[in-house]
Each structure stands twice: as C-alpha cells, then as structure tokens.
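Okay, here's what each chain looks like letter by letter:
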Amino acid sequence: MSAIERCRTAALGGHVARCEECDHTHIAYNSCRNRHCPKCQGAAAKQWLAERQAELLPVPYFHVVFTLPALIGDIAYHNKAVIYDILFKAAAETLITIAADPKHLGARIGLTAVLHTWGSALTHHPHVHCIVPGGGLSLDGGRWISCRPGFFLPVRVLSRLFRRLFLERLVASHNAGRLHFFGDHAPLVELRAFSAYLAPLHKIEWVVYSKRPFAGPQAVLAYLSRYTHRVAIANSRLIALDDNAVTFRWKDYRAQGRERHKLMTLASGEFIRRFLIHVLPSGFHRIRHYGLFANGGRAENLARARELLGVPPRQNEPRDADANADEPSMHSLPCPSCGGRMIIVETFERGSTPRTRPSSPIRIDTS
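Residues numbered from 1 in each chain as written. Predicted model: local features only at pLDDT ≥ 70, side-chain atom pairs only at ≥ 80, totals over all residues. Heavy atoms only, no water.

Q: In this structure, what is going on with the overall build of the protein chain? I would like to understand it.
A: In terms of regular secondary structure, the protein chain is built from nine helices and 15 strands. Out of the 367 residues in the protein chain, the part that is buried amounts to 47%. Partitioning the contacts of the protein chain with sequence separation of at least 6, the portion at a separation of at least 24 is 71%. A total of about 19,100 Å² of accessible surface is found on the protein chain, and carbon and sulfur atoms cover 52% of it. (Helix = DSSP H or I, 4+ residues; strand = E, 2+ residues; numbered from the N terminus. Buried < 20%, exposed > 50% of the residue type's maximum accessible area, 1.4 Å probe, protein only. Contact = heavy atoms within 4.5 Å. Areas by Shrake-Rupley, 256 points an atom, 1.4 Å probe, with all protein chains shown as cover.)

Spelled out as structure tokens, the structure:
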C-alpha cells in the first residue's frame, strides 16, 4: 500500500516541463511502478502486448477459465504462493493432456494463462484465464492439427481431470508440510482432518468454462490488453470516497439486464482489506506460458507452426524507445495550452520539491 500511496507524489520525485513557445510549466511526478497499482499498469501492458503480437497465429483462439471451489479459496488466504502455483500447473496440464489425447485433438498445444483472484465486489475468487490457439502441432511435429470449428475440448472432461490433478498436488503439498492453517482451519494441519475437509470436493463438478472462439487474432490482443495487467479494481470504478467509506461500481452476475450493474459502499478499512487480499506474493508470476509457448522452445515452436500453416514468419514490431510510456516523455507530448513542444527544465529527487513554479493555474500530472 505504501507504494500506491506515494505514486505520482513528491515522495518519488519527478520533473518539471516547460513549453518552448508559451512558457507554460507543469510538474510530472514519478510513478511507483508497482504491479498492483491501478495507475501504473498501462506501460507494462503495452510493452507485453507488443511482444505477444508477433507470436499470434492465424487460427481461432479459445478462452478457457478454470475456477477454484470456495473451500479451496478459503485456505488459499494463507497459502497464496502454493495454491496459486498448483492452480496454474493443474490447469495447464489438464489442457495439454486432453489436447494430446487422440480421442480429442491429438496435438501438442500452447497456452498463455493469466491469474485473477478477485470477483467484481473484491471478494476472493481465484481463477485462471487461459488463451489457447484452436489447434496444435501433431505429436511427431509433421503437421498442424486444427480443432473442430467452434469447439475446442469437452468441458466436462477438462473439469474432472483438473479436479483430480489439483487435489493430488494439494495433498502432496500438505504431506510435504508446505501448507499453513490458522483460526478455524488450524485443525487441518492433521492429515485425517484435511482429507475429511477435501472429501466433498471429490464429488462436486469443478467449474471450467470454455468461451466461444475470438473473432480473429486481433480480438485476442484486445482481450489481453484488458486482462493481463489488470488489478483488483480500476480507478474508473471508484465513485466516491472519504475517510470513512468508499463507493464503487460492481457487477452482480446473478442479476440480469440493468439490475446487474450496482453500487457498493464499504467502510474504508474493509475496502482496504479486500484490496489487500489480492496482493500477490513477492516474485510470483501471474502470467505464464505453457506447452508450445513455454520459454525454452517458444521461438522454434512458433516458427514451425507458421511454416505448417503456410504463413511467413512475423517480424517483431518496432518498439518505442521509451519503454516507460506511463511516464510522459516531455520531448514528444505537446503543450496542453498551445500545442508547442515541452522540454524538461528540472528533475527533482525523491522527497524533494521542485524549485520551478508551475504556471497558473497549477497543473500537476497525477494521471
């Protein structure tokens, strides 16, 4: 929270820019670049998408979502790194295994998985979004195998394998002493109690949702731009706030039509608590690539797929020299008053204040 609180403030330093034409001056404070900050994900998303664009294949892409039952979500509060890692691996192994089965697709596939841990009301709702091309390389690598039009893999088969793989890995983690339990869940440290806790989960259907294919590869990028670097709540959803409460928009998926979009007001402490539930462990990767897209052989696999699909290899698009696009380049952005060129006239360090005064009225960039 401290990083987000200091974002775009004098605590992180910044610079002063002045227009060459009209001398208009304004202050631009530095961003925190924290991956949980609603204001600092735009540049990271843009750079990531530029890298992924060169990897898109000219085939339909499917969107598959794997969701954890509430009983698992309850023990994930204190075991985020372990349980979220199992969620990633079980989902990826499920897709890769079923796709490789000759009864279904009989192909080696690739996928990109993105972790989300929240519902619209900031409740704890761990799930992974998987973006998967509708086909893959034959097991001998000699041809491209496409899935049936509009259909990728059977959801019920995916659901049952996902359930088995996840529970096997979860029990193995418990046996290895990697899970921790507190409060009402403290008795689960005993294997017998833990097995009894998991027993109902062997009998229910786990939610795996396969959405219809995207309308072309570019639609995949449009989707990813909204989902890959999203945080638990965007500033655009905030309606009102003060020292006592926060009001924000949320979507009630149980309702229909206009009744689905609602407002929720939470006490400030409860709002912060819900937000902090979704802060990931340090160093935890929330975007991962598997199968053909795994880092070790991605370039070679993509080149082979393009060859078999009969399309020329894609060249990486040139990237802007300024990778930190969320920090405006004062040499390129026009003056907000006259449209002239802005130049940096002063840089100030963390915790300092600029010597140069902004033009009147004061314009401080905190966007």
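Here the narrative resumes, following the displayed structure.
Q: Explanation requested: the environment of His285 in the structure shown.
A: As for its position among the elements, His285 is in the loop between helix H8 (268–277) and strand S13 (287–291). Under the relative-accessibility criterion, His285 is labelled exposed at 55%. Measuring from C-alpha to C-alpha, the distance between His285 and Ala81 comes to 9.7 Å, with 204 residues separating the pair along the chain.

Q: Would you take a moment to explain the side chain of Thr67 for this structure?
A: Tracing the backbone through its elements, the reader meets Thr67 in strand S3 (residues 61–67). Note on Thr67: relative accessible area 12%, which makes it buried. Ignoring anything within four residues of it in the chain, the contact list for Thr67 reads His125, Pro126, His127, Phe162 and Val207.

Q: What is the right way to read the sheet that holds strand S8 (residues 144–146) from this model?
A: Pairing between the strands of a sheet is mediated by backbone hydrogen bonds and can be parallel or antiparallel. Strand order in the open sheet formed by three strands is S4-S7-S8, with antiparallel pairing between adjacent strands. Edge positions in the sheet fall to strand S4 (107–108) and S8, since each of these pairs with one other strand and no more. The pairing of strand S7 (residues 135–138) with S8 spans three bridges and is antiparallel. Bridging across to S8, Leu137 finds its partner in Trp144. (Pairing = 2+ DSSP bridges.)

Q: Can you help me understand empty space enclosed by the protein in this one?
A: To find the voids left in a structure, one rolls a probe of water-molecule size over its atoms. Applying the stated rule across the entire model yields three cavities of 30 Å³ or more. Empty space within the largest cavity amounts to approximately 130 Å³. As for the largest cavity, its lining consists of Arg52, Glu55, Leu56, Tyr61, Thr112, Ile131, Val220, Leu224, His289 and Phe293. Residues of the lining of the largest cavity, tallied by class, amount to six nonpolar, two polar and two charged. (1 Å grid on protein atoms, 1.4 Å probe; cavity = no way out; pocket = protein on both sides within 12 Å on 5 of 7 lines; lining within 4 Å. Points joined across faces, edges and corners; volume = space filled by probe spheres on them. Nonpolar A, V, L, I, M, F, W, Y, C, P; charged D, E, K, R; others polar.)

Q: Help me understand the sheet that holds strand S6 (residues 124–133), please; the structure alone is not making it clear to me.
A: An order of S9-S3-S6-S5-S13 is seen for the five strands of this open sheet, with the pairing classed as antiparallel. Each end of this open sheet is capped by a strand with a single partner; those strands are strand S9 (208–211) and S13. Going across the sheet, the axis of each strand differs from the next one's by a mean of 25°, ignoring polarity. (Axes fitted to C-alpha atoms, helices over the stretch in contact; angles between N-to-C directions.)

Q: So what exactly am I meant to see when it comes to unusual backbone geometry here?
A: With glycine set apart, most residues show a phi of negative sign, and most peptide bonds adopt trans. Of note in this structure, Asp23 is not a glycine but carries a positive phi near 65°. Inspection of the secondary structure assignment puts Asp23 in the loop between strand S1 (14–19) and strand S2 (25–29). Not every positive phi belongs to a glycine, and Leu122 is a case in point at roughly 70°. Within the element layout of this structure, Leu122 appears in the loop between strand S5 (110–118) and S6. Classification of Leu122 by relative accessible area gives buried; the value is 0%.

Q: Would you take a moment to explain the pairing of S1 for this structure?
A: Every other side chain in a regular strand lies on the same face of the sheet, so the side chains alternate between the two faces. Counting buried residues in S1 gives five out of six residues, a clear majority hidden from the surface. Bridge count for S1 against S2 is five bridges, and the pairing is antiparallel. What sits directly across from Val16, in S2, is Ile27. Note: S1 against strand S14 (residues 342–348), six bridges, orientation antiparallel. Residue Ala17 lies in a different strand from S14, and its bridge partner there is Ile344.

Q: What is the right way to look at the state of the cysteines in this model?
A: Two cysteines, two sulfur atoms, one covalent bond between them: this is a disulfide. The full count for this structure, using the stated rule, is zero disulfides. This cysteine, Cys19, is not joined by any disulfide, and Cys338 carries the nearest cysteine sulfur, 3.4 Å off. (Disulfide = S-S within 2.5 Å.)

Q: What is the right way to look at the packing of aromatic side chains in this model?
A: Each aromatic ring pair is specified by the distance between its two centres and by the angle formed by the two planes. Counted by the stated rule, this structure contains nine aromatic pairs. With 6.2 Å between their ring centres and 70° between their planes, Tyr84 and Phe284 make a pair best called edge-to-face. Of this pair, Tyr84 sits in helix H4 (residues 80–100) while Phe284 sits in the loop between H8 and S13, placing them 200 residues apart in sequence. No difference in accessibility class separates Tyr84 from Phe284, as the two residues are buried. Here a set of aromatic residues connected by ring pairs shows up, and it is made of Phe66, Phe162, Phe166 and Trp206. Above the plane of the ring of Phe284 lies Arg288, whose end atom (NZ or CZ) is 4.7 Å from the centre. (Phe/Tyr/Trp six-rings, centres within 6.5 Å; stacked < 30°, edge-to-face > 60°. Lys NZ or Arg CZ within 6 Å of the ring centre and 35° of its normal.)

Q: Teacher, can you tell me more about the packing of helix H5 (residues 155–175) against helix H6 (residues 191–198) here?
A: Relative placement of two packed helices is described by the angle separating their axes and the distance separating the axes. Relative orientation of the contacting elements H5 and H6 amounts to 160°, with a least axis distance of 11 Å. With respect to H6, the element H5 is oriented roughly antiparallel. Handedness of the H5/H6 crossing: right-handed. From H5, Leu167, Leu170, Val171, His174 and Asn175 reach across to H6, where they touch Leu191, Phe194 and Leu198. (Parallel < 35°, antiparallel > 145°, perpendicular 65-115°, else oblique. Left-handed = near helix turned anticlockwise from the far one by under 90°.)

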